[in-house]
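Below, each chain spelled out in residue letters.
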Amino acid sequence: GSRGAAGAAAWQVRSLEVEPLHVCVARHLLNFGERSWLAEVRSGQARDLLPRLIDEVGERAAGLTFMDHRGTRFHDELHLLERLGLPAGSMNTICDNVLHPGAPVFLWEEARPSSNDGDGRCVGRSATVWSLPEFMAGGEGEIEDWMAFERYAPRPGRSSGASARPAAAAATVRREAVWRRGSVE
C-alpha cells in the first residue's frame, strides 16, 4: 500500500476474526511491525461485522476477500457481500479449506461457468480450484485440501440456484456433523 498526500493509506486491510486469541496476536504483530495504520483486526463473525463495514467504507470498496475458515459458509458470506454492495467490480476472492471441511454449495455456484453469451462462450465468473497439502499436516499422512480463486464479476439477475442445491446442502449438513463430532454416526 502507499500513503496519500495527507499520510492516509491508499488502501486498508480489514480482518474479521472469530477467535479472540487470533485478534490479539494479529493486533500485536501489526503494532510490533508499526503497520497498525494499514490494517485493522476486528473480533466477530462476518455476518455481524460486514453490515457495519459498508457504513464505514462505502459501496464497491472490497477489492480482495480471503476466506479461511470452515468452508460451508463461503457462499453465504459471498452472497452477503453482494447484497451489501461491497464487492468492487473486479474483486478477487480466495477461499481456503474448500475440500476439508468442504464447500459444496460455493463450488456448485462459483466453480462452473454461469451462463453463455448465445455464441457458446462462457460469461460471468468461474472459480479456479487448486489442490494443495494442508498447512501443518505434513508427514506420511499428508492431507489434501483445495483453495479456490475467483475474479468477481456481478451476475445480473442472479438466481438462488435452490433447485440445484439439495444434494450439496445435504453434503454440507453431513460434513458439519462430522466436523463437530469427529466421526459419522
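First, a word on what this report is: a plain description of the structure on this page. Everything quoted here is computed from the prediction, not taken from an experiment.

**Some points on the overall build of the chain**
Counting secondary structure elements, the chain contains six helices and eight strands. Taken from N to C terminus, the helices and strands of the chain fall in the order β-α-β-α-β-α-β-α-α-β-β-β-β-α. When each of the 185 residues of the chain is scored for burial, the buried share is 31%. Looking at the chain alone, contacts between residues at least 24 apart form 67% of all its contacts between residues at least 6 apart. In the structure as shown, the chain presents an accessible area of about 11600 Å², 55% of it carried by carbon and sulfur atoms.

**Observations regarding the packing of aromatic side chains**
This structure, assessed with the given rule, holds two aromatic pairs. Seen from their ring centres, F74 and F106 are 6.0 Å apart, and the 80° between their planes marks the pair as edge-to-face. Here F74 is found in helix α3 (residues 74-84), whereas its partner F106 is found in helix α5 (residues 104-110), with 32 residues between them in sequence. According to the relative accessible area criterion, F74 is buried, its value standing at 0%. Take F106: its relative accessible area is 1%, and that puts it in the buried class. Residues W130 and F149 carry aromatic rings whose centres are separated by 6.5 Å and whose planes lie at 45° to one another, so their mutual orientation is tilted. Note that W130 is positioned in strand β7 (residues 128-133) and F149 in strand β8 (residues 144-151), a separation of 19 residues in sequence. What makes F149 partly exposed here is its relative accessible area of 25%.

**Details of the pattern of salt bridges**
By the definition in use, this model includes four salt bridges. As a salt-bridge pair, E40 and R42 come within 2.9 Å of each other at their nearest N and O atoms. The partly exposed category is assigned to E40, whose relative accessible area is 33%. Judged by relative accessible area, R42 falls into the buried class, the value being 11%. Notably, a salt bridge pairs E77 with R73, separated by 3.6 Å at the nearest N-O pair. One salt-bridge network, in which partners are shared between bridges, spans R14, E40, R42 and E56.

**What to know about the sheet that holds strand β3 (residues 62-68)**
Strand order in the open sheet made by the four strands is β3-β4-β8-β7, with mixed pairing throughout. Of all the strands in the sheet, just β3 and β7 have a single pairing partner and so form its edges. When the angles between neighbouring strand axes are averaged without regard to direction, this sheet yields 15°. The pairing of strand β4 (residues 87-96) with β8 spans four bridges and is antiparallel. Its bridge partner lying in β8, I94 is registered against F149. Helix-sheet contacts for α3 involve β3, β4 and β8, and the interaxial angle to β4 is about 165°.

**Some thoughts on the pairing of strand β1 (residues 13-17)**
One ladder, built from five bridges, connects β1 with strand β2 (residues 39-43); its direction is parallel. Its bridge partner being in β2, V13 is matched across the sheet by A39. With helix α1 (residues 20-32) bridging β1 and its parallel neighbour β2, the resulting β-α-β unit is right-handed.

**Quick notes on the nonpolar core**
Within the largest apolar cluster, 20 residues are counted, with the highest numbers of intra-cluster contacts made by L50, F74, L81, C95, V98 and F106. Breaking this core down by element, the ones donating at least two residues are α2 (46-57), β3, α3, β4 and α5. If we ignore the near neighbours within four places in the chain, the residues touching F74 are M67, D68, H69, C95, D96, N97, V98, A103 and F106.

Reading the values: rules and limits
- Residues numbered from 1 in each chain as written.
- Predicted model: local features only at pLDDT ≥ 70, side-chain atom pairs only at ≥ 80, totals over all residues.
- Heavy atoms only, no water.
- Helix = DSSP H or I, 4+ residues; strand = E, 2+ residues; numbered from the N terminus.
- Buried < 20%, exposed > 50% of the residue type's maximum accessible area, 1.4 Å probe, protein only.
- Contact = heavy atoms within 4.5 Å.
- Areas by Shrake-Rupley, 256 points an atom, 1.4 Å probe, with all protein chains shown as cover.
- Phe/Tyr/Trp six-rings, centres within 6.5 Å; stacked < 30°, edge-to-face > 60°.
- Salt bridge = Lys/Arg side-chain N within 4 Å of Asp/Glu carboxyl O.
- Pairing = 2+ DSSP bridges.
- Axes fitted to C-alpha atoms, helices over the stretch in contact; angles between N-to-C directions.
- Right-handed = clockwise from strand over helix to strand, strands pointing away.
- Core = buried A, V, L, I, M, F, W, Y, C linked by side-chain atoms within 4.5 Å.

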